[in-house]
Amino acid sequence: MLLPRFEYHEPTTLEEALKLLSELGGNAKVLAGGTDLLVRMKQKIDRPAHVISLARIPGLKEITPRNGHGITVGAGASAATLSRHELLWDRFTPLASASSRLGSPLIRNRATIGGNLVNARPAADLPPACMVLNATVKLKSRSDERDVPVAEFFRGPGETVIEPNELLVSVNMETPPPWTGGAYIKLAARKSLEISLVNVAALLTLKSAGGPIVDAKIALGAVAPTPVRAYAAEQVLIGNKPSEKLFKTAGETGVGMCSPITDHRGTMEYRCMMIEVLTKRCLSMALESARSWKPLK
Ligand SMILES: Cc1cc2nc3c(=O)[nH]c(=O)nc-3n(C[C@H](O)[C@H](O)[C@H](O)COP(=O)(O)OP(=O)(O)OC[C@H]3O[C@@H](n4cnc5c(N)ncnc54)[C@H](O)[C@@H]3O)c2cc1C
């Protein structure tokens, strides 16, 4: 399949890229890893007259810790880089884990976090992980910039709040408090190169290693037109002592917050069952991780 004709731009600074976007706007598409865009262009779903590559813009791939307070992940950081990042595994586990489950080694080498979020597929791996970590995205245009919580970024399948003249430049997260642990589970028909049937990210904060839950975050993917923060299920957990029974109740509550579809990958009923089972399992994994929390060396 051949790509349709387009004009290719390779800006070497962020300012140049933003100027191009402000001039070309809706006639242009940003190219990061290309694992979504080029497929859609070959299938003639997207036919941009201009393609603006981010490849030569310095700094967009960098991951920068902020003195123990948080982390800034450049929009161009690849899933492979995220899945190998020690600090992400230690403090932002759901994101490192979700990155390690995206696609295959070849896809992970190209696929970026920015592309995964802007592409906004309901079953994508990184959005639920970003949501439980309370991540915000920095959106820049030539004249403005704004920070949007990832939980408010998605509008529907393939739709986000980003404007045609804006670039997603980074994903920012505060470091979760002590005694926090997280996990990510992806259910798919195969172990790699497969879209999620259901995915779950969870983050639990305990008062102490053996103490009650003081904060909880759960996000679910492939269960609605956009990824879902399961706020009601989180409320079931907060203030209570962690237990299998409590996690089961949270899983049951999570099901009520979703509207999964039946498709060739699985039925609505199967997805509902899996939301319950996987939420419980993911919470147990997050608990184990929270209980083994250690200060960084
Ligand atoms: C074989 C295969 C397997 C896959 N498996 C998975 C999987 O398991 N899980 C999963 O979640 N996804 C999967 N994907 C989808 C894809 O790999 C990911 O969504 C990937 O993260 C997209 O990133 P990218 O850098 O390639 O984006 P691109 O294709 O370059 O861009 C995607 C979209 O985002 C826009 N965009 C990109 N970066 C920016 C930016 N910084 N600012 C503004 N707009 C931007 C582009 O204009 C385009 O509309 C798979 C794709 C393929 C081809």
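Reading guide: rules and limits
- Residues numbered from 1 in each chain as written.
- Predicted model: local features only at pLDDT ≥ 70, side-chain atom pairs only at ≥ 80, totals over all residues.
- Pairing = 2+ DSSP bridges.
- Helix = DSSP H or I, 4+ residues; strand = E, 2+ residues; numbered from the N terminus.
- Axes fitted to C-alpha atoms, helices over the stretch in contact; angles between N-to-C directions.
- Core = buried A, V, L, I, M, F, W, Y, C linked by C-beta atoms within 7 Å.
- Buried ≥ 20, exposed ≤ 12 C-beta atoms within 10 Å, placed from the backbone.
- Contact = placed C-beta atoms within 7 Å.
- Domains from an automatic or database assignment.
- Nonpolar A, V, L, I, M, F, W, Y, C, P; charged D, E, K, R; others polar.

Visitor: Just to check I follow, could you spell out the sheet that holds strand β12 (residues 198-206) for this structure?
Guide: Backbone-to-backbone hydrogen bonds pair the strands of a sheet. The strands run either parallel or antiparallel. Taken in spatial order, the 4 strands of this open sheet run β11-β12-β13-β14, and their pairing is antiparallel. At either margin of the open sheet sits one strand with a lone partner, and together these are β11 (180-187) and β14 (228-229). By the bridge criterion, 8 bridges tie β12 to strand β13 (residues 213-221) in an arrangement that is antiparallel. Residue Asn199 lies in a different strand from β13, and its bridge partner there is Gly221.

Visitor: In this structure, what is going on with the sheet that holds strand β4 (residues 63-65)? I would like to understand it.
Guide: Across the sheet, 5 strands lie side by side as β4-β5-β10-β6-β7; this open sheet has antiparallel pairing. If you trace the sheet from one side to the other, it starts and ends with β4 and β7 (145-149), each paired once. Pairs of neighbouring strands in the sheet enclose a mean axial angle of 20 degrees, with direction left out of account. Bridging between strand β6 (residues 136-140) and strand β10 (residues 167-174) involves 5 bridges; their strand directions are antiparallel. Bridge pairing links Thr136 to Asn172 in β10.

Visitor: What is the right way to read the nonpolar core from this model?
Guide: Here is a general trend for soluble globular proteins: nonpolar side chains tend to be buried in one another's company. Among the nonpolar cores identified, the biggest contains 89 residues, and Leu95, Ala202, Leu204 and Ala286 are the most heavily contacted of them. Ranked by the residues each element gives to this core, the list is headed by helix α11 (residues 268-291), at 9 residues. In this view, Ala202 contacts Val132, Gly182, Ala183, Lys217, Ile218, Cys282, Leu283 and Ala286; residues no more than four positions away in its chain are not counted.

Visitor: Please explain the domain arrangement of the protein chain as it appears in this structure.
Guide: How large an interface is tends to be reported as the accessible area lost when its parts come together. Domain assignment breaks the protein chain into domain 1 (7-53), domain 2 (63-174) and domain 3 (182-291). Put simply, the middle of domain 1 and the middle of domain 2, counted by C-alpha atoms, are 19 Å apart. In this complex, domain 1 contributes 13 residues to the contact, which on the side of domain 2 involves 15 residues. The biggest single contributor to the side of domain 1 that touches domain 2 is helix α1 (residues 14-24), with 5 residues. Of the residues in the side of domain 1 that touches domain 2, the class split is 5 nonpolar, 6 polar and 2 charged.

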